[in-house]
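Analysis of the macromolecular model
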Amino acid sequence: AAAPGQDTVTTPPAKVEFVGKQRSGSALNPEISATGDVRLAARKDHGLSGDAHEFEVALQSTLDPYSNAKVILTLSNEEVGIEEGYIWYTGLPARIRADLGQIRQQVGDLNRWHLHALPETEYPLVYQRYLGGDGLSGAGLSLYTTLPFAIAHGTHEVWLQGTTAESQPLYGTGRHGTLLGRVQNFWQLSRSTYGQIGFTALGGDHGDTLQGRVLGADLRLTWRPPNAGTRQNVTLRAEGYRFRGTELGSTTTRYGMFADLVGQVSTRWILGTRVDWLEEPRGVRNTEWQVTPTLTWWESEFVY
């Protein structure tokens, strides 16, 4: 009510606006990226050669508030294929993330990485000889979560994966069921240093004739000062594996490892060395080793 002698003021109703919640056309477009691995090689017996070794095209999109999708196509001289293609779900009970599709599996520290992202130009020998030439990947389900407690102020992650994988060292020919479990532990040791320790177990059978089991342990230690992280850092990585294969009732146990040390000495230059050693997984107990020094030059954040 208005005070005596004052006019009554009537407030006009607020204007009603209707806002559509549908996704716009541009939001439906996936994020797209591409990488190329082009090589020049000088060999004692073959001279100088060039090779467009591999190209990758990655497409990633948010489907809804609960799920995302990623597809990575690989193009090389030998084939055009899908290196990865999966949907992942978040917001599940117990803080679980679920990946469904074709995935690179969570073995050690580097098997999850794609070829162009490795510190060197090839996967470690123990990955190639015990898992396959390009490491281990499979089609199936991956479950991931972090444990709700901390040991010595660390973070502890767990993966459980069930896939059908193609691995000549493990199963010979064809795709076969593979179960994998991994525990990974992370500690921030100081403002500049963090450490990571992981343990992996995997295996499967090719009927009653061929079986493969792999146990692994890995360590990573990184020093990266906060005020110079883009131009000065050092990473030490070491992984060891036991391969246990059974073929026609005969069982062999073999061991393999690698260690690499990578140091960024300036904004553009990175030095590194990897040492590989292993026993051949099946047949005669032959050993194989190599030393791979690397020199990397970064043109920019996206090209090296």
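Note: the structure precedes this text.
Residues numbered from 1 in each chain as written. Predicted model: local features only at pLDDT ≥ 70, side-chain atom pairs only at ≥ 80, totals over all residues. Heavy atoms only, no water.

1. Examining the layout of surface pockets
In this model, the largest pocket occupies a volume close to 1,600 Å³. As for the largest pocket, its lining consists of 48 residues, and the residues nearest its centre are His116, Ala117, Leu118, Thr296 and Tyr304. Counting only elements with at least two residues in the lining of the largest pocket, the list comes to strand S1 (31-43), strand S2 (47-64), strand S11 (233-247), strand S12 (250-264) and strand S14 (287-297). By residue number, the principal contributor to the lining of the largest pocket is S1, which donates nine residues. In terms of residue class, the lining of the largest pocket is made up of 18 nonpolar, 18 polar and twelve charged. Roughly 780 Å³ of internal volume is contained in the second largest pocket. Glu54, Thr74, Glu79, Glu83 and Asp134 are, among the 23 residues lining the second largest pocket, the residues nearest its centre. Listing elements by their share of the lining of the second largest pocket, those giving two or more residues are S2, strand S3 (67-76), strand S4 (80-89) and strand S5 (97-104). Among the residues forming the lining of the second largest pocket, the class breakdown is three nonpolar, ten polar and ten charged. (1 Å grid on protein atoms, 1.4 Å probe; cavity = no way out; pocket = protein on both sides within 12 Å on 5 of 7 lines; lining within 4 Å. Points joined across faces, edges and corners; volume = space filled by probe spheres on them. Helix = DSSP H or I, 4+ residues; strand = E, 2+ residues; numbered from the N terminus. Nonpolar A, V, L, I, M, F, W, Y, C, P; charged D, E, K, R; others polar.)

2. Let's talk about the packing of aromatic side chains
As enumerated under the stated definition, the model contains seven aromatic pairs in all. One aromatic cluster is present, formed by Tyr127, Tyr241 and Phe258 through successive ring pairs. (Phe/Tyr/Trp six-rings, centres within 6.5 Å; stacked < 30°, edge-to-face > 60°.)

3. Some remarks on the pattern of salt bridges
All chains considered together, the criterion is met by 15 salt bridges. Asp109 is the partner of Arg220 in a salt bridge, and the nearest nitrogen-oxygen pair spans 3.5 Å. Taken together, the residues Arg220 in strand S10 (residues 210-223) and Asp109 in the loop between S5 and helix H1 (125-130) connect sequence positions 111 residues apart. Like Arg220, the residue Asp109 is buried in the burial classification. Across the pair Arg182 and Asp218 runs a salt bridge whose closest N-O atoms are separated by 2.8 Å. Separated by 36 residues along the polypeptide, Arg182 in strand S8 (residues 175-188) and Asp218 in strand S10 bring together distant segments of the chain. Taking the relative accessible area as the measure of exposure, Asp218 reaches 4% and is therefore buried. (Salt bridge = Lys/Arg side-chain N within 4 Å of Asp/Glu carboxyl O. Buried < 20%, exposed > 50% of the residue type's maximum accessible area, 1.4 Å probe, protein only.)

4. Description of the pairing of S11
Sheet topology places S10 next to S11; 14 bridges connect them, and they run antiparallel. Within the sheet, the bridge partner assigned to Asp218 lies in S11 and is Glu239. Here 15 bridges tie S11 to S12, and the two strands are oriented antiparallel to one another. Residue pairing for S12: Arg237 is matched across the bridge by Asp260. In this structure, the hairpin formed by S11 and S12 is closed by a connection of two residues, where Leu248 is found at a positive phi of approximately 55 degrees. (Pairing = 2+ DSSP bridges.)

Interpretation note: all reported values are geometric properties and have no functional meaning in isolation.
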